[in-house]
Amino acid sequence: MSAGRLGELLGLQQPVIQGPFGGGLSTVALAAAVSEAGGLGSYGAHIMAPAAITEVVGKLRAATERPFAVNLWVPQEGERSSFRTAELAAHGERLRPYADELGLPLPPSHSDAVGTVEHPAFDDQADALLAAAPPVISFVMGVPPARVIEEARRRGIVLIGTATTVDEAVALERAGVDVVVASGSDAGGHRGAFLRPVAESLVGTFSLVPQVTDAVSVPVVAAGGIADARGVAAALALGADAVQVGTGFLATEESGAPAVHKRALHSAEARSTVLTRLYSGRPARGIPNRFVREMAAHEGAVPAYPLQSLLMQPVRVAAAAQGRPDLAALWAGQAAPLTRPALSAQAYLAALTGTPPQPVAD
């Protein structure tokens, strides 16, 4: 299977990008395995401090000599990276029953709420990533700043932007990105939208891809609802140069997803997914569980990213560690039931492309 224009641009042997995962779900082992097998491995860095980004790029370089990508989230209007602890306390009250259930000392009471809490600032993350100069930087939820695009071009870094509509794809090409990911509403986790509200940007993958390929001249990658070789073939037939697969690689042995999450991807519950802001403050697609259903009335009240993400991080971590699918964040796309359990990333990539597995370098 040819990697087409993306092969020419990045030296890929297979037309497959592994979707980047944030929140600790990405691993160096997964990204390196995909890259070594001829695809493009990716690592989600949106919650990482600048020093940690520098470190992970070094680890990826040590693990593979082939191209890899590191992903950041573009900030959206009104989002901040610094918060008073009192803000966490006020919004955290609605989480107290779940914190108690999991044995967490969360959230702080109002009387203890002093000081500030910081989330890594995008500009600092971008500067660290540009300085580390990975082969590829990918972005979701917006057009990267002009200075970032210019510096990436100067350093020879390939830029990938993510679009949920045709207009977003055109905006990304005009800004100067090298590749556009056409991310359909089928996609799991956080895909975002940045020119119109998410509710007005829910275009399915196989409606979106041919429209985007008609609208832009740069290589187009299809993402969302692709989990087996049939989906890959369909996306390429519609004009995509490659596919990006997230949920399927989330299920592989090398991913950082906890066991409770991987089991959920292959359960009957995975046949139904919903968009929710409850875990991060930005809409993301996942398998509905008790937490999502009980907190549904608060969808509009929870604070924006990253404050809600900071509040929920202890809950997510504890729920995963305690094997609690009723409270864990179970990100999944609409093709989750088509994923393959207990496969290595290398074997899964081979199944997607119909090619013999390649040995992964030590």
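Refer to the preceding data block for the structure.
Residues numbered from 1 in each chain as written. Predicted model: local features only at pLDDT ≥ 70, side-chain atom pairs only at ≥ 80, totals over all residues. Heavy atoms only, no water.

1. Structural notes on the overall build of the protein
Each helix and strand in the protein was counted, giving 15 helices and 12 strands. Per-residue burial for the protein yields a buried fraction of 56% across its 362 residues. Here the analysis covers contacts within the protein between residues at least 6 apart in sequence; of these, 68% occur between residues at least 24 apart. When the accessible surface of the protein is summed, it comes to about 14000 Å², and 53% of that surface belongs to carbon and sulfur atoms. (Helix = DSSP H or I, 4+ residues; strand = E, 2+ residues; numbered from the N terminus. Buried < 20%, exposed > 50% of the residue type's maximum accessible area, 1.4 Å probe, protein only. Contact = heavy atoms within 4.5 Å. Areas by Shrake-Rupley, 256 points an atom, 1.4 Å probe, with all protein chains shown as cover.)

2. Things to note about the packing of aromatic side chains
A complete count under the given rule lists six aromatic pairs for this structure. Both rings, one in Tyr98 and one in Phe291, keep their centres 5.0 Å apart while their planes meet at 75°; by these two values the pair is edge-to-face. Residue Tyr98 is found in helix 5 (residues 96–102), and its partner Phe291 is found in helix 13 (residues 290–294); the two are separated by 193 residues along the sequence. Of the residues examined, Tyr98 reaches a relative accessible area of 7% and is grouped as buried. For Phe291, a relative accessible area of 0% gives the class buried. Taking 5.1 Å as the distance between ring centres and 45° as the angle between the ring planes, the aromatic pair formed by Tyr279 and Phe291 counts as tilted. Within this pair, whereas Tyr279 is found in the loop between strand 11 (274–276) and strand 12 (284–286), its partner Phe291 is found in helix 13, the two being separated by 12 residues in sequence. Note on Tyr279: relative accessible area 2%, which makes it buried. Through successive ring pairs, a cluster of aromatic residues spans Tyr98, Tyr279, Phe291 and Trp331. (Phe/Tyr/Trp six-rings, centres within 6.5 Å; stacked < 30°, edge-to-face > 60°.)

3. Quick look at the environment of Gly224
Position of Gly224 relative to the elements: it lies in the loop between strand 9 (220–223) and helix 10 (229–237). The exposure class of Gly224 is buried, given its relative accessible area of 8%. In this structure, the C-alpha to C-alpha distance between Gly224 and Gly188, residues 36 residues apart in sequence, is 7.0 Å. When residues no more than four places from it in sequence are discounted, the contact partners of Gly224 are Asp186, Ala187, Thr205 and Gln244.

4. Structural notes on helix 3 (residues 50–63)
The terminal C-alpha atoms of helix 3 lie 20 Å apart, and with 14 residues this matches the ideal 20 Å at 1.5 Å per residue to within 8%. All of the buried residues in helix 3 are Ile53, Val56, Val57 and Leu60. Projected down its long axis, helix 3 shows its buried positions confined to an angular sector of 105°, all on one face. Turned more than 90 degrees off the buried face of helix 3, the exposed positions are Ala51 and Ala62. Elements that come into contact with the buried residues of helix 3 comprise helix 2 (28–36), strand 2 (41–44), strand 3 (68–73) and helix 6 (122–132). (Expected span 1.5 Å × (residues − 1). Arc of directions from axis to C-beta.)

5. Quick word on the environment of Thr247
Structurally, Thr247 can be placed in helix 11 (residues 247–250). You can call Thr247 buried: its relative accessible area is 15%. Taking C-alpha positions, Thr247 is 8.7 Å from Gly225, a pair spaced 22 residues apart along the chain. Excluding its chain neighbours within four sequence positions, the residues that come into contact with Thr247 are Gly188, Leu265, Ala332, Gly333, Ala336 and Thr339. Polar side-chain contacts of Thr247 include one of 2.9 Å to the backbone nitrogen of Gly333. (Polar contact = N/O pair within 3.5 Å; in protein donor to acceptor, adjacent residues only side chain to side chain.)

6. Some points on the pairing of strand 3
Within strand 3, six of the six residues are buried, leaving the element largely enclosed by the surrounding structure. Residues Phe68, Val70 and Leu72 point to one face of strand 3 and Ala69, Asn71 and Trp73 to the other, with burial holding for every one of them. Pairing geometry for strand 2 and strand 3, over four bridges, is parallel. Bridge assignment links Gly44 to a residue of strand 3, and that residue is Asn71. Handedness of the crossover joining strand 2 and strand 3 through helix 3 is recorded here as right-handed. (Pairing = 2+ DSSP bridges. Right-handed = clockwise from strand over helix to strand, strands pointing away.)

7. Observations concerning the side chain of Thr205
Here Thr205 is to be found in helix 9 (residues 205–215). Residue classification places Thr205 among the buried residues on the basis of a relative accessible area of 0%. Looking at Thr205, its side chain comes within polar contact range of the main-chain oxygen of Ala223, at 3.0 Å. Every residue in contact with Thr205, bar those within four places of it in the chain, is listed here: Gly184, Ser185, Asp186, Ala222, Ala223, Gly224 and Gly225.

8. Some remarks on the environment of Ala45
Relative to the helices and strands, Ala45 is located in the loop between strand 2 and helix 3. Its relative accessible area of 0% is what places Ala45 among the buried residues. Spatially, the C-alpha atom of Ala45 lies 26 Å from that of Val232, the residues being 187 residues apart in sequence. Sequence-distant contacts of Ala45, that is, excluding residues within four places in its chain, are made with Ile53, Val70, Asn71, Leu72 and Gln125.

9. Comments concerning the sheet that holds strand 3
The strand order 1-10-9-8-7-6-3-2 describes an open sheet built from eight strands, whose pairing is parallel. Edge strands, defined here as strands with exactly one partner in the open sheet, are strand 1 (16–18) and strand 2. Direction aside, neighbouring strands of the sheet carry axes that sit 25° apart on average. Sheet analysis places strand 3 next to strand 6 (residues 136–140), joined by five bridges and oriented parallel. (Axes fitted to C-alpha atoms, helices over the stretch in contact; angles between N-to-C directions.)

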